[in-house]
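Understanding the architecture of this molecule
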Amino acid sequence: MSQTEKDDNSAATLDVALVSILKGPRNLRVKMPWYYAPVFLLLWLALFFAVVIPLFNRLPESVTIAEESQKPGEFVAERAQQLLYSFDSIGPKVVGSIANEKLTVDFLLGEAENVRTAMRSDLYELEVDVQQPSGAYMHWNMVNMYQGVQNVVVKLSTRSSTSESYLLLNSHFDSKPSSPGTGDDGTMVIVMLEVLRQMAISDRPFEHPIVFLFNGAEENPLQASHGFITQHKWAKNCKALINLEVAGSGGRDLLFQSGPNHPWLMRYYRHHAKHPFATTMAEEIFQAGILPSDTDFRVFRDYGQVPGLDMAQINNGYVYHTVFDNYAAVPRDSLQNTGENVLPLVRAFANASEMHDTEAHSEGHAVFFDYLGLFFVFYTETIGIVLNCCIAAVSLFLVCVSLWRMARVSEQSLCQISIWFAIILGLHVLGVLLSLGLPLLIAVMFDAGDRSLTYFTNTWLMIGLYICPAIIGLSLPTTLYYSFRKNLKIHHAYHLHMSLHAHCVVLAVIAITLTAISLRTPYLCMISTLFYSAALLVNLLSTLHDRGYYWVLITQLFQLMPFFYFCYLFYMFLVVFIPMMGRNGSSINPDLLVALLCTVGTFFAMGFISPLINMFRWSRFIMLTLGIVTFIFSMIAVSDVGFPYRARTSVMRVNFLHVRRIFYEYDGSVSLSDSGYYFDFQDRRLGYPLEETSVNLTGLSGIEEHCDTELMCGVPCFNHRWCKARTSGHWLAREQEVAIPGNSSLILLGKTILSSGTTVRYEFELSGPPHMGLFIQPLEGVTVEDWSFIRTPLDEPENYKLPYQIFFSYGKDNSSLQFHIDFAKPAGNFDVPIFELGVAWHYVSYDFERDSAGLQFIADFPDFVHVMEWPTLYKRYIL
């Protein structure tokens, strides 16, 4: 026989084998060859990298100044980028600093005047106001008090308009210490300036005035927006909001909050946002407080009842709040992407009829999401409830029809088929629990060995650490069942179909349950069951359902769209969350959250795919292979490859204060006078990555043991986040006394026993740097009856724990703060200690010099560390 004849016979044999497998031959346990299994799994991985990643990172081509005449009315990214360079060159913009209060304000006023020069003055009117509000509100457990912070407010209106409903755009120009804030939030400041320019030169007038709020105290936190919405003359007219933020540097802008209860806003987003990127799931996660972030959106919503959209660029969160958040980190195309979303939205809202009476259009929440950036889906919460329940019910009905069909074709009783399905359903539920438990177990084990965050830089490690174990867990129970319990009464293809049916039933139950507790995220279950039900319906109607494995082809084709979407969605969450895990504090194991995201993503993306591993021979060995992959990745993760941090690109964040402490007793004597560094480590590993590096941390110790005896554990925690995590803080003593670079003063103006005889008033005058803090702890038998701050903590003692924290900052107005505190004591004896008072003077900005010892200590840190630090004077009094 010739070689050609042999090849023809081999091909014919292979064809016959494949056809017999698909059709379902007499051998009821026939499976495909094992070597197709890796191809099957790698195909889905290849689709992820070939389709999802490019679409996720897709950005529009930027418009240049030279092209502006050919593209009138379009956002010009090149001009915006030029402005961004000027903004970046100012440097860090801390509230109260010259850079923030003088240089940046002058920059914004100058650009506003440039817009006025280019404006169509025959059509539009431009008003500019520099607001310097003072006020206070509760921010979590902290009295957040501000004085003379600055807002640059620009109102653009059509001369012929009589509308008193304004559209509000907001971004902030202040930054964290050491960071120029070019991404957060300089990018959005510049986008707003270019949008302002385009609206001012347009020959298309709009109906509703537009207020551009450039607020100068967001990082403090959220003070300037509160000052605007509660005090500015234009605030009461603002009926809708577009809040612009950045949680990294560059990339696409994610719509992660909307409304609330104003679905018409989403209707406009669907029609006018050129590059949609949004999900209801992000909104529910953010509003649940899981993320260590907050935005001005909450202030406008809570204190102004202004509905709106909250949008943020999310890429490259590694540079967020670091020195690397600079001009070089912001791609021009990302400016274009945001501009092409915001500019059409502004035009649309500025002409929206709903703006006349937004409350009339308050109709509940919305469910919304984009599909790979290609199109946007939006419907009301009510419609979502109907869809979730109806599609879940239809999917359950089709599963029942399929089981009946199996019984009829296989000549088995429906009762017997139902018993087999119940067994597989129970095994699948076990598999779901295993798929959750195995990745979480790995997360716990790595954390126990001080190896958390191994994926922080090399994110591909998550494939082996969490995704492979999730697939193993999801498939293992049914794999073992099929391997050891031989059921020759029905075709193996029916068994596989039951496995997918079981996943469908689990999804339907989850959808109904979560919908019943008023969550909108179950739209994920709805999408999954919708496409599976459609495939099942096609298979039932076409008889492919009963022709061996042919139904697999239809099912997998219908799984392409949900697979792409779920990979896209959960990849987005990982892009957001992984950098955040480096600054989420030490109290929570970050690997648990990342493992959970990978597990849930695998559950949705692979739930109708991974059971098909059992379509191949030696499926147990496929499970073993995935286990070996997990082991290999685990070994890589504990090597140097798994070290989380890299210089410049993915740095370790270390926050510390150069502290000078003085503790005064009741008789005026000094019980403690020392200096040291107070560390607030930002990651789970605390200081372990700094061992055996150039920085000397000998003597570093935790402060938790002092929390029962010292006010605020004996340290001057900065804001509510620092104070909440103070028990995990660390102290490193230094020999040289910290040089305090500015003035500080606390004067007791008077102590007066009030007419009741059971209350005493202490009056003080506080002055110093732009950031100061007060901690007030009444001693035993004493309560705070009144004070000159807002009364919320006193009126709601069940919600606010002692000691009370007052955070005070100022921008332009540096006048001293006078305040009083009234203490009540039933016995009326005030010649004994009444309360402890801690006072912290924070010299945050670079207007204040660090001493030579502090500068050397900073320089000793390795290059993979970003340091945020400043000198602080802390005094504790017993009065």
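What you see is a predicted model; the values in this text were computed from it and never measured.

As for the packing of aromatic side chains
This structure, assessed with the given rule, holds 70 aromatic pairs. Pairing F256 with F286 gives two aromatic rings, centres 4.9 Å apart and planes at 65°, and the pair type is edge-to-face. Of the two residues, F256 is situated in strand 8 (residues 253-259) and F286 in helix 8 (residues 280-287); the sequence distance between them amounts to 30 residues. Assigned by exposure class, F256 and F286 land together as buried. Look at F718 and F807: their rings are 5.3 Å apart centre to centre, the planes differ by 90°, and that puts the pair in the edge-to-face class. Taken together, the residues F718 in the loop between strand 14 (701-702) and helix 19 (720-724) and F807 in strand 20 (residues 804-810) connect sequence positions 89 residues apart. Through successive ring pairs, a cluster of aromatic residues spans F369, Y371, F375, Y523, Y565, F566, F570, F573, F577, F603 and F604. A cation over a ring is seen here: K93 above F87, with NZ or CZ 4.0 Å from the ring centre. The ring centre of W140 lies 5.8 Å from the NZ or CZ of R298, which sits over that ring.

What about the environment of L596?
In this fold, L596 is placed in helix 17 (residues 590-606). In sequence terms L596 and S435 are 161 residues apart; their C-alpha atoms lie 9.7 Å from each other. If we skip the residues at most four places from it in the chain, L596 touches L436 and L440.

Concerning the nonpolar core
Grouped together as the largest cluster of nonpolar side chains are 130 residues, with contacts concentrated most on Y466, Y565, F573, F679, L690 and F861. Apart from the residues within four sequence positions on either side, F573 is in contact with T279, M281, A282, I285 and L597. Counting residues in hydrophobic clusters, the runner-up holds 66 residues, among them F75, V154, V246 and V346.

Comments concerning the sheet that holds strand 19 (residues 783-787)
Pairing in this open sheet of 4 strands is antiparallel, and the strands run 16-17-21-19 from one edge to the other. Two strands in the sheet have a free side with no partner beyond their single neighbour: strand 16 (745-753) and strand 19. The mean inter-strand angle of the sheet, taken between neighbouring strand axes irrespective of direction, is 25°. Bridge count for strand 19 against strand 21 (residues 817-824) is 4 bridges, and the pairing is antiparallel. In the sheet register, T783 faces strand 21, and the bridge partner there is A824.

What counts as what
Residues numbered from 1 in each chain as written. Predicted model: local features only at pLDDT ≥ 70, side-chain atom pairs only at ≥ 80, totals over all residues. Heavy atoms only, no water. Phe/Tyr/Trp six-rings, centres within 6.5 Å; stacked < 30°, edge-to-face > 60°. Helix = DSSP H or I, 4+ residues; strand = E, 2+ residues; numbered from the N terminus. Buried < 20%, exposed > 50% of the residue type's maximum accessible area, 1.4 Å probe, protein only. Lys NZ or Arg CZ within 6 Å of the ring centre and 35° of its normal. Contact = heavy atoms within 4.5 Å. Core = buried A, V, L, I, M, F, W, Y, C linked by side-chain atoms within 4.5 Å. Pairing = 2+ DSSP bridges. Axes fitted to C-alpha atoms, helices over the stretch in contact; angles between N-to-C directions.

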